[in-house]
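What the coordinates show
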Amino acid sequence: MEALDYHAEERRKAEFNLDEMKIVWAGSRRNYELSDRVARLVASDPVFRKDNRTMLTRKDLFKDTLRKAAHAWKRIIDLRLSEEEANMLRSYVDQPAFTDLHWGMFIPAIKGQGTSEQHEKWLPMAYKMQIIGCYAQTELGHGSNVQGLETTATFDPQTDEFDLHSPTLTSSKWWPGGLGKVSTHAVVYARLITGGQDHGVHGFIVQLRGLDDHLPLPGITVGDIGMKFGSGAYNSMDNGLLRFDHVRIPRNQMLMRVSQVTREGKFVQSDVPRQLVYGTMVYVRQTIVSDASCALARAVCIATRYSAVRRQFGSQNGGPEIQVIDYKTQQSRLFPLLASAYAFRFVGEWLKWLYTDVTQRLQANDFSTLPEAHACTAGLKSMTTSVTADAIEECRKLCGGHGYLSNSGLPELFAVYIPTCTYEGDNVVLLLQVARFLMKTVSQLGSGKKPVGTTAYMGRAEHLMQCRCEVEMAQDWLKPSTILEAFEARAVRMSIACAKSLGKFSNPEDGFAELSPDLVEVAIAHCQLIVVSKFLEKLQQDIPGKGVKRQLEILCNVYALHLLHKHLGDFVATGCITPNQGALANEQLRLLYAQVRPNAIALVDAFNYTDHYLGSILGCYDGNVYQKLYQEAWKDPLNDTVVPDGYLEYLRPILKQHIRTARL
Ligand SMILES: CCCCC/C=C\C/C=C\C/C=C\C/C=C\C/C=C\CC/C=C/C(=O)SCCNC(=O)CCNC(=O)[C@H](O)C(C)(C)COP(=O)(O)OP(=O)(O)OC[C@H]1O[C@@H](n2cnc3c(N)ncnc32)[C@H](O)[C@@H]1OP(=O)(O)O
Ligand SMILES: Cc1cc2nc3c(=O)[nH]c(=O)nc-3n(C[C@H](O)[C@H](O)[C@H](O)COP(=O)(O)OP(=O)(O)OC[C@H]3O[C@@H](n4cnc5c(N)ncnc54)[C@H](O)[C@@H]3O)c2cc1C
C-alpha cells in the first residue's frame, strides 16, 4: 500500500525538476549522492536516535553523546569513510560533541600553525584519535580581545621548556568545547615570554590528561563549566575550564610556523604575518557560513511544510479552511527566509572557494589576500548567523502554538544555534573588523591602489556616488544589473559617508568608537551586497533541469528585494533610489511571492533532509502532522501514569482543603 502523503498535491504543483534542484543544493551530483547515502545511514541506525534527548539528564545526555561519538567512529572505520563522508556523518548525527572541536579546530590549528616536524609528530595520532584535542583560547576574563589573554608561557632556557601558568582567576580558560571531560590535549593560547619580554599570544600543544587513566596531569585543574541554554541542545558538549599551575612542556610544543623560539631562548618572528595565529578561527568562520544555510534550511523546511498542512479561517460553504501558507503575511515572512537559505548556500560555496584559494596562496608565502579573507569570513559569519538565529525563532512563530512544542524541533534547533552568534567571534566585534577593512579601502581610493575582490565595486565609486536608479515599473526590478547597482551604490555611499564622518575626529580611534553603530550598518550593507552578487553570479552558471534556473532567479529576486524593502531607509537616505522606486520593489516582491507559492514544498524538499535529521513532527515529509502530534503526546513520561506523582503529597491536600472551605 502506498504511504499517505498529505503534501502530494503540493508536490504535484511544482514547476521544476526536483532531482536537479537537489543537485544544485548539494553543490554537485557527487555531493548529493554522498550526502544522501550518509544521511540514510545515520537515519536508519538506532544508536543515532535523538527523539528522546531533551528528556535526558545532563549526565545521561553526555554519556549518550560519548556513545554516539564512539559508534560514529566505529562506522567511519568499518565503512572506511573518507574525511568528507565522516564530516557529513558528524553533521547528520546532529549532536554537538567533542569531535567537532577535535576535527574542526584542534587538528586545523596544528595544520595551520605547526611546522612540518610538528605535523609529523602530532597529526597521525590525532587522525587516529589516539589523542583527542580541543581549542583552548577564551578565558574567564577575555574572549573577544585575544590580545588581552593572560595565560603565560614562559621559556626556561635551563630546561628547554615552557612554563604554562594561569596567574589570575580571570586567566582561567573558560568555554573550550571538549575540554571539560574529554580532551587529552589542547592547543592552548598563551602569552609567550622569553627573557622577560612579552611577545603576545601564541599557540602551544599541551597534554591535559593521562592517556591510560584519563586523570588530569600534575598542575592541571580541569572541569566542565555547567549547564547552558535550553534542554538537550548544546549541553551534550563539555565546555570546560582549565587552570595551569606552572605546567612544564617541551619547547617543541609551541606551534612554530608563525614565530619561533630557539634553544637559546631567542624569539624569531618569521615573514609570516602574526595574524596567522588567528587562522583556525578564519577556517571555522568559513564553515559556519555553510552550516548557517543548513540550519536555516531546516527551520524553513519545517515551517513551510507545516504552513501547507495548517488551515485557519475562510471556509466557504463548509469547504476546507485556508492553508496558512496562502496568507500573504505568512508568505512575506516565510519566503524571504527560504530565499535566504539558498542565498547562504551559494555564498557558502563561494567562501569555501575563497578560503581554499587563500590557503594555497599562504602555502606559497603570498599573504596579499589574507585581509580580504578575514573580512569576508568575519562579515559573512556574522551576517548569516544573525539572520539564521532570528529566522529560527520566526519559523517557530510561523508554526503558531505547535511550534513551541519540543517535538516541532524548533526550540532545540534555536537553543543549539544561537551561540553561533557569539562563538568564533561575537557578531558585532566581527562586523567592526569588516568596517575597519572597508574604511581602510576607502582611505586608499585616492592613492591609485585599485580595490580588488569583494571591494572592487569601490573602484567605481565616482560612478556609484552619482548614478540614478532607472526603475519606472515594478518589473524593472527584475533586471540583475539594476539590483546589483542599487546594492553597490548603497554600500559605497554608506562607506564614504562614514569615512567622511570619521575624518572629522582628530583621533581616528575615538571616531571609530563613536561611530561604531553606523560602521556596523556599513559592514552589513557590504555583506548583503556580497551575498546578492554571489547569488547573481551563480545564476550565470549553466544550471540544467526543467525550470530550475527560473526558480533560482525568482528566489534571488526575492532575496534582494526583501532586503531592499527591509533597509529601504538606507537606500532612500543615500539617494540610491526614490521612495516611489522602493514602493515598486515592494509591489514586485508581492508578485514574486505568488510565483514561489506553488513551488514552496518542492523547494524545501530539495534540501533532501531525512525526517531523522529534521527531528520535527511539524516538518515530517508526509505531512501527517496531527496524528503524529497526538501519538507523541502519549509518549511523554507525564502520561506514564493517569494520576501524576506528587498528587497525594501536594495536590490532594489543596483540593481537599478547597472542598472543606467550600462546605463551610
Ligand atoms: C561524530 C563524528 C566524528 C567525525 C567528525 C568529523 C569531522 C568534524 C569536522 C569538522 C567540523 C567543522 C567545523 C566545526 C568546528 C567547530 C565548530 C564548533 C564549535 C565552535 C566552538 C567555538 C570555538 C570558539 O569560539 S574559539 C574562540 C573564538 N574567538 C574569537 O573568535 C575571538 C574574536 N577576536 C578576534 O578574532 C580578534 O581578537 C580580533 C577581534 C580580530 C581583534 O584582534 P587584534 O589582534 O586585536 O587585531 P586588531 O588590532 O583589531 O587588528 C590587527 C590587524 O589584524 C587583522 N586581523 C585580525 N584578525 C585577523 C584574522 N583572523 N586574519 C587576518 N587578519 C586579521 C585586522 O584586520 C587588522 O588588520 P589591519 O592592521 O590591516 O587593520
Ligand atoms: C557555546 C560556546 C562554545 C564556545 N567554544 C569555545 C571553544 O571551543 N574555544 C574557545 O576558545 N572559546 C570558545 N567559546 C568562547 C567564544 O569564542 C567567546 O565567548 C566569544 O569569542 C565572545 O567573547 P566574549 O565571551 O569575551 O564576549 P565579550 O567580548 O565579553 O562580549 C560581550 C558584549 O560586548 C560587546 N563587545 C565586546 N567587545 C566589543 C568592542 N570592541 N566593540 C563593541 N562591542 C564589543 C559584544 O558585542 C557583546 O555584546 C565558546 C563560546 C560559546 C558560547
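Going by the structure above, here's the rest.
Attention here is on the structure that accompanies the text. Small disclaimer: the values here were computed from a predicted structure and weren't measured.

Two side chains bearing opposite charge may form a pair once their charged atoms approach each other closely. As enumerated under the stated definition, the model contains 42 salt bridges in all. Glu 85 is paired through a salt bridge with Arg 37; the nearest N and O atoms lie 2.5 Å apart. With Glu 85 in helix 5 (residues 83-93) and Arg 37 in helix 3 (residues 29-43), this residue pair connects regions lying 48 residues apart in the sequence. On the basis of relative accessible area, Arg 37 is assigned to the partly exposed category, the value being 44%. Put simply, Arg 490 and Asp 570 hold a salt bridge, and the shortest N to O gap is 3.0 Å. Here the residue Arg 490 occupies a position in helix 14 (residues 480-503), and Asp 570 occupies one in helix 18 (residues 568-573), the gap between them amounting to 80 residues. By relative accessible area, Asp 570 is classed as buried at 19%. Taken together, the salt bridges that share partners define one network made up of Lys 50, Arg 53, Asp 94, Arg 298 and Glu 412.

A few words now on the pairing of strand 1 (residues 133-136). Burial along strand 1 is two-sided: the face carrying Gly 133 and Tyr 135 and the face carrying Cys 134 and Ala 136 are both buried. Two elements, strand 1 and strand 5 (residues 185-194), share four bridges in a ladder whose sense is parallel. Opposite Tyr 135, over in strand 5, you have Val 187 as the bridge partner.

Near ligand 2 you find 20 residues, and of these Tyr 135, Thr 138, Ser 144, Gly 177 and Asp 426 are the closest. With respect to ligand 2, the backbone of Tyr 135 contributes an N or O atom lying 2.9 Å from a nitrogen atom. One of the backbone N or O atoms of Gly 177 is found 3.0 Å from an oxygen atom in ligand 2. Notes on ligand 2: free accessible area 970 Å², of which the protein chains cover 63%.

Bringing the pairing of strand 6 (residues 197-207) into the picture now. Across the 11 residues of strand 6, eight count as buried, placing the element largely inside the fold. As defined by bridge partners, strand 5 adjoins strand 6 across nine bridges and the pair is classed as antiparallel. Its bridge partner being in strand 6, His 185 is matched across the sheet by Gln 207. A loop of two residues connects strand 5 with strand 6, the two strands running antiparallel in sequence, and Gly 195 in this loop sits at a positive phi of about 50°.

Parameters and conventions
- Counting of residues starts from 1 at the beginning of each chain's written sequence and follows it residue by residue.
- Whichever chain is written first becomes A and whichever ligand is written first becomes 1, with later ones labelled in order.
- At least 70 in pLDDT is required for a residue's local features to be given in this predicted model, at least 80 for side-chain atom pairs to be given and counted, and no such filter applies to totals for whole chains, interfaces and linings, which use all residues.
- Side-chain descriptors were evaluated using all non-hydrogen atoms of the structure, hydrogens and water having been removed beforehand.
- Within this document, salt bridges are pairs made up of a side-chain nitrogen of Lys or Arg and a carboxyl oxygen of Asp or Glu, the two lying within 4 Å of each other.
- By definition, any uninterrupted DSSP run of H or I lasting at least four residues is a helix, any uninterrupted run of E lasting at least two residues is a strand, and each is numbered from the N terminus.
- Each residue is assigned to one of three classes by its accessible area relative to the maximum for its type, calculated with a 1.4 Å probe on protein chains only: buried under 20%, partly exposed between the two thresholds, exposed over 50%.
- DSSP bridges decide pairing: two strands pair if at least two such bridges lie between them.
- We call a residue near a molecule or strand whenever a single non-hydrogen atom of that residue lies within 4 Å of it.
- Polar contacts, as counted here, are pairs of nitrogen or oxygen atoms within 3.5 Å of one another; within protein the pair requires one atom able to donate a hydrogen and one able to accept it, and residues that are adjacent in sequence qualify only if both atoms are side-chain atoms.
- Areas reported as accessible are Shrake-Rupley estimates using a 1.4 Å probe. Residue values count occlusion only from the protein chains shown.

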